[in-house]
Amino acid sequence: MNLRKELGTNKSLPLNLFAGAEPKLFTFDYSYWSHDGFTMSEEGVSVAASPDSTYASQRTVFSDLGQGVLNNAYEGFNTSLFAYGQTGSGKSYSMVGYGANKGIVPITCDELFQTVEKNADPNLKYIVSFSMLEIYNECVRDLLIKTNPKGGLQVRQNPSIGAFYVQG
């Protein structure tokens, strides 16, 4: 079943873990399929094999999830995107991609810096900062450096504004 095509977005599915137990609702925005139903373009990018294919390309995932984040950044907002799920569920592939199949992060960087480069307004300034963190086994790691402190990075709260940040 192609949940994305059949259910659309913002749907809830009952999940019954134990016989006789009250069903729990599992709510999601999107569900993607990227295991088959694709062919490779000449550039090495996976594309849907046919119009009725259930395959979701990296560009589809970016359009659904990353484009809104990027649009908010263009408006001057600080933005974040989280990938959450069990090991092997496709978080890294969706976020980073593999080979010619760029994920949300590299597509976002490409789009962002193309926009900055095209800027002709001398009064418009862009300030870009970027971090990429992983939380695994309750330890926070910076994915942009080679070594992290033993036990992970510390999460702190700024008492004057209440915002959280990762120290390091």
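This write-up is about the structure you can find in this document.

The rules we used
Residues numbered from 1 in each chain as written. Predicted model: local features only at pLDDT ≥ 70, side-chain atom pairs only at ≥ 80, totals over all residues. Heavy atoms only, no water. Helix = DSSP H or I, 4+ residues; strand = E, 2+ residues; numbered from the N terminus. Buried < 20%, exposed > 50% of the residue type's maximum accessible area, 1.4 Å probe, protein only. Contact = heavy atoms within 4.5 Å. Bend = angle between axes of the 7 residues up to and from the residue. Pairing = 2+ DSSP bridges.

**Considerations on the overall build of the protein**
Part 1 of the argument: Within the protein, the secondary structure is distributed over four helices and ten strands.
Part 2 of the argument: Within the protein, the fraction of its 168 residues that count as buried is 16%.
Part 3 of the argument: Of the contacts made within the protein by residues no fewer than 6 positions apart, 31% connect residues no fewer than 24 positions apart.

**As for unusual backbone geometry**
Part 1 of the argument: For Asn-137, which is not glycine, the phi dihedral falls at a positive 50 degrees.
Part 2 of the argument: Note on placement: Asn-137 falls in the loop between strand 7 (133-136) and strand 8 (139-142).
Part 3 of the argument: The exposed category is assigned to Asn-137, whose relative accessible area is 62%.
Part 4 of the argument: For Glu-138, which is not a glycine, the phi torsion comes out positive at approximately 60 degrees.

**Observations concerning helix 2 (residues 58-74)**
Quick reminder: α-helices carry 3.6 residues per turn. Residues three or four places apart thus point the same way.
Part 1 of the argument: By the largest-angle criterion, Gly-66 marks the main kink of helix 2, which is about 45 degrees.
Part 2 of the argument: Residues of helix 2 that are buried sit in contact with helix 3 (91-95), strand 5 (97-98), strand 6 (101-102) and helix 4 (104-118).
Part 3 of the argument: Phi for Gly-76, located one or two positions after helix 2, is positive at around 100 degrees.

**Examining the pairing of strand 8**
Part 1 of the argument: Alternating residues of strand 8 divide into Val-140 and Asp-142, all buried, and Cys-139 and Arg-141, none buried.
Part 2 of the argument: For strand 7 and strand 8, the ladder comprises four bridges, and the chain directions are antiparallel. Of the residues in strand 8, the one forming a bridge with Tyr-136 is Cys-139.
Part 3 of the argument: Two successive antiparallel strands, strand 7 and strand 8, enclose a turn made up of two residues, where Asn-137 displays a positive phi of approximately 50 degrees.

By themselves these figures say nothing about function.
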